[in-house]
Amino acid sequence: MNPARLRFVAPIVGLLALTTARAAWAEEDVLSAGDTAWMLTSSALVLLMTLPGLALFYGGLVRSKNILSVLMQCLISAGLMGVLWIIAGYSLAFGEGNAFIGDLSMLGLSGITPDSLSGTIPTYVFVMFQGMFAIITPALMIGAFAERMRFGPYLLFIAIWLFAVYIPLAHMVWGGGYIGASVGALDFAGGLVVHMSSGYSALVLAMMLGPRRGYGKEPMPPHSLPLAVIGTALLWVGWFGFNAGSELAADGTAGLAFLTTNTAAATCVLVWVAIEWLHRGKPTVLGGATAAVAGLVAITPACAFVSPLGSIGVGAGAAVICYLAVTVLKPAAGYDDSLDVFGVHGIGGTWGAIATGLFIADFALPEGMTWGSQLAAQLQSVVITAIFAPTVTAVIVFAMRAAFGDLRVSHEQEFEGLDLAEHSETAYTS
Amino acid sequence: MKLIEAIIKPFKVDDVRNALSEIGVQGLTVTEAKGFGRQKGHTELYRGAEYVVDLVPKMKLEIVVPDDLLERAIEAISTAASTGKIGDGKIFVLPVADSIRIRTGERGDASL
């Protein structure tokens, strides 16, 4: 049923606008209890990725004086995005609108009732499933500017970013807009919309904020790898809702997406750990955890379009490319992407979007497309996203700096830690 | 009276304590310490970023002994703390002017 999440939305807009057409539409849309049950479950699984998955993953990787700030940034993303999505986000992403953004026809979810259907599931369930994506995507960026950004500017930034970057991309790819409908690129669960958008934007923000004080001179090792590994495990589990849920139905394609998701993550862990073992002499736990996330990111756009063996290729490629990005590219370029959001999500998402074309299975090729033309469409979508997301982010950050001054905490506050400076709390007492 | 300050490997604390008990030492003070000497630290690896941890964890023992027990105490510590590898630690000996047991007010060797 996916690609084209819009297929479920467009009829609803029509249904609501033209009540006279109700009978005609009603014949097409019949509620499936099985699909609905799976999508309710998937929606909850996607929230599990942010709370507590991502929060623990990032929280464990920062120094002990900053863990609360990271947990709070994840928590407040669920709060802020959870409200903005209902008020205007959903309508702007999935309303009919134009090729680049939706409209305000469903402001406050007006016109949607418990009887409204998106395909075979209630529209309310579709709204909430998509809302969970809107919660996690801004939160993914936290890792890049962790340990130095003020809380107030963070809130404002993710609120503006949701409307200026995420929603236009979601509309262009899934809402019947330019990238999905005109370019013809495939992005099953968000390689472009979620991972590339957050990864590239996060890099820009990290570079504009500047590195943490002491970066490159003093050690900044993770303060709790056990928390980071628990977070990784929860991300892996939640990702089944993210990817297999993006089918919007409990069917064979959802089964394929579930299987390829696990296979790609498994392959990536295996290959990454092998590379690290050979290259640095020790297989590290953090390497394995990073690999799991990189593999999951890479398979996200491709999960319903590649064969099980294809997903091994996607996962293996992610291991090589993301390993190089994290251990070679970052030190060489010198930017301080604290927790490797760009290296894992930006680069992993880029690889996944391209790999969707490289490894596409015959059964997944849309009508009229060849392997070559699909790969070209994928490359085009990558270039658009890689330009659009960071450019708009840079504009947002420039504007915020002009309006509010420095977006970082002071030198002294950074030294004592954001937990105390920004929240008047400490995580660990002894 | 002499103060023996011994910097030793953490896993040797129990051995040293037992060896000192055997020769009649009645008490000692242990502090967790970090430092460097000829022993190199270790490296930690996080996503390819290597951190050299050059302050090595050690235990610092402080023991005050009567002069006639000094050589045997040094012998006991040296034997018990030795592994023969770099990083076994050091022993310092300092003179002590006096010693007082707070509970009874005893002074000198009698208070040890």
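Reading guide: rules and limits
Counting of residues starts from 1 at the beginning of each chain's written sequence and follows it residue by residue. Each chain gets a letter, beginning with A, and each ligand a number, beginning with 1, in the order they are written. Where local features are concerned, this predicted model is filtered to residues with pLDDT of at least 70; where side-chain atom pairs are given and counted, the filter is 80 or more; whole-chain, interface and lining totals use all residues. Every helix listed is a DSSP run of H or I at least four residues long, and every strand listed is a run of E at least two residues long, numbered separately from the N terminus. With C-alpha atoms as the basis for the radius of gyration, the globule rule is written as 2.2 Å multiplied by the number of residues raised to the power 0.38. Here a residue counts as buried when 20 or more other C-beta atoms fall within 10 Å of its C-beta, as exposed when 12 or fewer do, and as partly exposed in between; the C-beta atoms come from the backbone. For every residue pair, C-beta atoms are placed from the backbone, and the pair is scored as a contact if these atoms sit within 7 Å. pLDDT expresses, on a scale from 0 to 100, how confident the predictor is about each individual residue. Structurally, a nonpolar core is described as a collection of buried Ala, Val, Leu, Ile, Met, Phe, Trp, Tyr and Cys residues joined by way of C-beta atoms within 7 Å. Note on pairing: DSSP must find at least two bridges between two strands before they are called paired. For helices, the fitted line uses only the C-alpha atoms of the stretch in contact; every axis is such a line through C-alpha atoms, and the angle between N-to-C directions lies from 0 to 180 degrees. For a helix, the expected span equals 1.5 Å multiplied by the number of residues minus one. Each angle is binned into one of four classes, with values under 35 degrees roughly parallel, values over 145 roughly antiparallel, values of 65 to 115 roughly perpendicular, and all other values oblique. By definition, turning the near helix anticlockwise from the far helix through less than a right angle yields a left-handed crossing, and turning it clockwise yields a right-handed one. Just so you know the grouping, Ala, Val, Leu, Ile, Met, Phe, Trp, Tyr, Cys and Pro go in nonpolar, Asp, Glu, Lys and Arg go in charged, and all remaining residues, Gly too, go in polar.

1. Quick look at the overall build of chain A
And then number 1: Looking only at helices and strands, chain A has 17 helices and two strands in total.
And then number 2: What you see for chain A is a C-alpha radius of gyration of 21 Å, in line with the 22 Å of a compact globule of 430 residues.
And then number 3: Each principal axis of the C-alpha distribution contributes one length, and for chain A these read about 65 × 45 × 35 Å.
And then number 4: In chain A, which comprises 430 residues, the share counted as buried stands at 58%.
And then number 5: Partitioning the contacts of chain A with sequence separation of at least 6, the portion at a separation of at least 24 is 78%.

2. Topic: the overall build of chain B
And then number 1: When its secondary structure is counted, chain B shows two helices and six strands.
And then number 2: Listed N to C, the secondary structure of chain B is β-α-β-β-β-β-α-β in terms of helices and strands.
And then number 3: A compact globule built from 112 residues should have a C-alpha radius of gyration of about 13 Å, whereas chain B, at 17 Å, is more than 25% larger.
And then number 4: Referenced to the eigenvectors of the C-alpha coordinate spread, the extents of chain B come out at roughly 60 × 30 × 20 Å.

3. Section: the confidence of the model for chain A
And then number 1: In this model, chain A carries a mean pLDDT of 93, and residues with pLDDT of at least 70 account for 93%.
And then number 2: Across residues 6-26 of chain A, where pLDDT falls below 50, the model places 30 contacts with residues more than four positions away in sequence or in other chains.

4. Some thoughts on the environment of T36 of chain A
Residue and element names in this part refer to chain A.
And then number 1: Checked against the element boundaries, T36 lands in helix 3 (residues 33-61).
And then number 2: Separated by 249 residues in the primary sequence, T36 and V285 have C-alpha atoms spaced 38 Å apart.
And then number 3: Setting aside anything within four residues of it in sequence, one finds T36 in contact with L31, I121, P122 and V125.

5. Quick look at the nonpolar core
All names here are of chain A.
And then number 1: Ranked by size, the top nonpolar core spans 142 residues in total, and within it L54, Y58, C268, A294 and C322 carry the most contacts.
And then number 2: Take this core: its biggest share by element is 14 residues, from helix 4 (residues 67-94).
And then number 3: Among all residues touching C322, those that are not within four sequence positions of it are A294, G343, V344, I347 and G348.

6. Regarding the sheet that holds strand 1 (residues 2-8) of chain B
All names here are of chain B.
And then number 1: The four strands lie next to each other as 2-5-1-6, forming an open sheet whose pairing is antiparallel. The two strands at the open ends of the sheet, each matched to only one other strand, are strand 2 (29-35) and strand 6 (89-95). If you compare each strand with its neighbour and ignore which way they point, the axes differ by 20° on average.
And then number 2: One ladder, built from seven bridges, connects strand 1 with strand 5 (residues 56-65); its direction is antiparallel. Note that in strand 5 the partner of K2 across the bridge is V65.
And then number 3: Across the sheet, helix 1 (residues 13-22) is in contact with strand 1, strand 2 and strand 5; its angle to strand 5 comes to roughly 10°.

7. As for helix 5 (residues 123-140) of chain A
And then number 1: Here helix 5 of chain A is 18 residues long and its end C-alpha atoms lie 26 Å apart, about the 26 Å a rise of 1.5 Å per residue gives.
And then number 2: The buried count for helix 5 of chain A comes to 17 of 18 residues, which makes it a mostly enclosed element.

8. Some words on the packing of helix 3 of chain A against helix 4 of chain A
All names here are of chain A.
And then number 1: Viewed as axis vectors pointing N to C, helix 3 and helix 4 meet at an angle of 155°, and their least axial separation amounts to 9 Å. Classified by the interaxial angle, the pair formed by helix 3 and helix 4 is roughly antiparallel. Classified by chirality, the crossing of helix 4 by helix 3 is right-handed. Contacts from T50, L51, L54, A55, Y58 and G59 of helix 3 reach helix 4 at I67, V70, L71, C74, L75, S77 and A78.
And then number 2: The class makeup of the residues in the contact of helix 3 with helix 4 is 10 nonpolar, three polar and no charged.

9. Things to note about the packing of helix 9 (residues 191-209) of chain A against helix 14 (residues 341-358) of chain A
Residue and element names in this part refer to chain A.
And then number 1: Relative to each other, helix 9 and helix 14 sit at 145°, their axes nearing to 8 Å. Of the two possible hands of crossing, helix 9 and helix 14 adopt the one that is left-handed. Every residue of helix 14 that contacts helix 9 at G191, L192, H195, M196, S198, G199, Y200, A202 and L203 is listed here: V341, F342, H345, G346, G348, G349, T350, G352, A353 and T356.
And then number 2: Its residues placed into classes, the contact of helix 9 with helix 14 shows eight nonpolar, 11 polar and no charged.

10. Quick notes on the interface of chain A and chain B
And then number 1: Contact residues are listed per partner, giving 12 residues for chain A and six residues for chain B.
And then number 2: Put simply, the parts of the chain that give the side of chain A that touches chain B at least two residues each are helix 12 (285-299) and helix 13 (308-333) of chain A.
And then number 3: By residue class, the composition of the side of chain A that touches chain B is five nonpolar, four polar and three charged.

11. Details of the pairing of strand 1 of chain B
And then number 1: Both strand 1 of chain B and strand 6 of chain B contribute to a ladder of seven bridges, which runs antiparallel. The partner of A6 of chain B across the bridge, within strand 6 of chain B, is I91 of chain B.

12. Some points on unusual backbone geometry
All names here are of chain A.
And then number 1: Residues L51 and P52 are joined by a peptide bond in cis, for which omega reads 5°.
And then number 2: The residue P52 is located in helix 3 in this model.
And then number 3: Phi angles above zero are rare outside glycine, and L109 is one such case at about 60°.
And then number 4: In this fold, L109 is placed in the loop between helix 4 and strand 1 (117-118).
And then number 5: Judged by the 17 C-beta atoms lying within 10 Å of it, L109 falls in the partly exposed class.
And then number 6: The backbone of L248 sits at a positive phi, close to 65°, despite the residue not being glycine.
And then number 7: Checked against the element boundaries, L248 lands in the loop between helix 10 (225-244) and helix 11 (252-280).

13. With respect to the confidence of the model for chain B
Note: predicted coordinates in regions of low pLDDT should not be interpreted at a detailed level.
Residue and element names in this part refer to chain B.
And then number 1: Of the residues in chain B, 100% reach a pLDDT of 70 or more, and the chain-wide mean stands at 93.
And then number 2: The element-level mean pLDDT for chain B is lowest in strand 4 (residues 49-53), coming to 81, with strand 1 highest at 97.
And then number 3: Prediction confidence for the complex, expressed as pTM and ipTM, is 0.86 and 0.70 respectively.

14. Digging into the environment of V285 of chain A
And then number 1: Among the secondary structure elements, V285 of chain A is positioned in helix 12.
And then number 2: Linking V285 of chain A and L225 of chain A, residues 60 residues apart in sequence, is a C-alpha distance of 7.8 Å.

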